[in-house]
Amino acid sequence: MSAPTVTSNDIILTGDRTTGPLHLGHFVGSLQNRVRLQDVCKQYLLLADAQALTDNMGNIAKVRDNVIQVALDYLAVGIDPAKSTIFIQSLVPELTELFSYYLNLVTVARLERNPTIKDEIKLRGFERDIPAGFMTYPVAQAADITAFKATVVPVGADQIPMIEQTNEVVRKFNASVEAEILVECRALVPENGSRLPGIDGKAKMSKSLGNSLTLGASADEISKAVKMMYTDPNHLRVADPGQVEGNVVFTYLDVFDTDIEKVAEFKAHYQRGGLGDSVIKRYLEERLQALLEPIRTRREALAADPAAVMEILRQGTDKAREQTAATLDAVKRAMGIVYF
């Protein structure tokens, strides 16, 4: 991870939209670090169902049903509810109230200039038919972050503008009440700044693009996904020299195989010719099967008792509300709108 480092004094807020089960891209990009960081400092994990609804009001069931699916993924990879507070965003009304106050600190023009929002609008093809909730998401995120007094927010490089806008809200609010009530945060970006590519070679593994491999994938699904992986389209015969750059199989081996020397040997052999795609795919499949089998097993065991999982979320949400209520009270007192 990149500097600055995380210390025991830090508070982390992170989470995921509940639009589907999590995949290998999430595992590499965030989940591994969350498991590590929960032993370093206080960590809040947000099941962002309210945020997911900003562009999914036409399919509310998908958002609602995936709350428990994402929670299962969290628990299956090793996130410990005794160390990390897992909560449901929509059940913390203090976030919505803070959001309503913060909206008065941000102009429409500023929201339209946010590079992350501009990219997401283009990706979804909204043009000018942009849901207001989606456009104002940076303000809602500012409410989420500041409600927990988070000092660190793990994000991809493309999300840095969101953190910058959160800190703008913090500074404007503190200036308006002439007191240091809210806390600024810093982005924590993976060192390589990149995401795991999709199995089709696209730059991003995504549920919506259908090029992902979920953490709960069966052995057959893993095998099928590896067989479909993009390699070198010009590597038509085993004897032909092959291209390693942009070859998804080798990208995954760099990430998931700890035997660096073995991977280096594979690359050299592939580049000079004489190594077939089926050989390296079979090798990669063995690595992925070994990685995902225990996660899948834990996930299936947890899924057998959904009531227990929901109890974890209830307790986490109650704990989250204690913190957000304290922040909201401080904000309202600073504004002078505590009347009774």
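Just so it is clear, the structure is predicted and the values come from calculations on it, not from any experiment.

Asks: Explanation requested: the overall build of the protein in the structure shown.
Replies: Each helix and strand in the protein was counted, giving 14 helices and five strands. Relative to its length of 340 residues, the protein is compact, with a C-alpha radius of gyration of 22 Å against a globular reference of 20 Å. Each principal axis of the C-alpha distribution contributes one length, and for the protein these read about 80 × 45 × 40 Å. Of all 340 residues assigned to the protein, the portion counted as buried reaches 47%. Pairs at least 24 apart in sequence give 78% of the contacts found in the protein among residues at least 6 apart. For the protein, the exposed surface amounts to about 16400 Å²; the carbon and sulfur share of it is 54%. Charge separation in the protein, taken as the distance between the mean sites of 38 positive and 44 negative side-chain charges, equals 2 Å.

Asks: Mind showing me how you'd approach helix α13 (residues 277-303) here?
Replies: Residues spaced three or four apart along an α-helix face the same direction, because each turn holds 3.6 residues. With 27 residues, α13 should reach 39 Å at 1.5 Å per residue; the first-to-last C-alpha distance of 36 Å fits that figure. Maximum bend of α13: about 30°, positioned at Leu292, with proline Pro294 one to four residues after it. Residues Asp277, Ile280, Lys281, Tyr283, Leu284, Glu285, Leu288, Gln289, Leu292, Ile295, Arg296 and Arg299 constitute the buried set of α13. Those residues of α13 that are buried lie in contact with α1 (24-37), α3 (60-77), α10 (219-227), α11 (248-256) and α12 (260-272).

Asks: Before we go on, may I ask you to explain the packing of α3 against helix α14 (residues 306-335) in this structure?
Replies: Two quantities define a packed helix pair, namely the angle between the helix axes and the distance between the axes. Contact geometry for α3 and α14: axes closest at 10 Å, N-to-C directions at 85°. The orientation of α3 with respect to α14, classified from their angle, is roughly perpendicular. On α14, the residues touching Val67, Ile68, Ala71, Leu72 and Leu75 of α3 are Pro306, Val309, Met310, Ile312 and Leu313. Residues that form the contact of α3 with α14 fall into these classes: 10 nonpolar, no polar and no charged.

Asks: How should unusual backbone geometry be read in this particular structure?
Replies: Negative phi is the rule for most residues except glycine; trans is the rule for most peptide bonds. The phi dihedral of Lys149 is positive, around 55°, even though this residue is not glycine. Even without glycine at this site, Glu178 takes up a positive phi of about 55°. Structurally, Glu178 can be placed in the loop between α9 (160-177) and β5 (186-188). Residue class for Glu178 comes out exposed when judged on its relative accessible area of 75%.

Asks: How do you make sense of the environment of Pro294 when you look at a structure like this?
Replies: Within the fold, Pro294 resides in helix α13. Separated by 78 residues in sequence, Pro294 and Gly216 place their C-alpha atoms 9.6 Å apart.

Asks: Sorry, what's going on with the pairing of strand β3 (residues 84-88) here?
Replies: The two faces of a sheet get side chains in turn, since along a regular strand they alternate between them. In terms of burial, β3 is a largely internal element, five of the five residues being buried. Side chains of β3 alternate between two faces, with Ser84, Ile86 and Ile88 and Thr85 and Phe87 buried alike. Pairing geometry for strand β2 (residues 42-48) and β3, over five bridges, is parallel. Considered in β3, the bridge of Gln43 is made with Ser84.

Asks: When you look at the environment of Val155 in this model, what are you seeing that I'm missing?
Replies: Counting through the fold element by element, Val155 comes out in the loop between β4 (152-154) and α9. Using a relative accessible area of 12% as the deciding quantity, one classes Val155 as buried. The spatial distance from the C-alpha of Val155 to the C-alpha of Gly29 is 8.7 Å, given a sequence separation of 126 residues. Once residues lying within four places of it in the same chain are set aside, the contact partners of Val155 are Ile163, Ala187, Leu188, Val189 and Pro190.

Conventions used here
- Residues numbered from 1 in each chain as written.
- Predicted model: local features only at pLDDT ≥ 70, side-chain atom pairs only at ≥ 80, totals over all residues.
- Heavy atoms only, no water.
- Helix = DSSP H or I, 4+ residues; strand = E, 2+ residues; numbered from the N terminus.
- Rg over C-alpha atoms; globule rule 2.2 N^0.38 Å.
- Buried < 20%, exposed > 50% of the residue type's maximum accessible area, 1.4 Å probe, protein only.
- Contact = heavy atoms within 4.5 Å.
- Areas by Shrake-Rupley, 256 points an atom, 1.4 Å probe, with all protein chains shown as cover.
- Lys, Arg positive; Asp, Glu negative; His and termini not counted.
- Charge placed at Lys NZ, Arg CZ, Asp CG, Glu CD.
- Expected span 1.5 Å × (residues − 1).
- Bend = angle between axes of the 7 residues up to and from the residue.
- Axes fitted to C-alpha atoms, helices over the stretch in contact; angles between N-to-C directions.
- Parallel < 35°, antiparallel > 145°, perpendicular 65-115°, else oblique.
- Nonpolar A, V, L, I, M, F, W, Y, C, P; charged D, E, K, R; others polar.
- Pairing = 2+ DSSP bridges.

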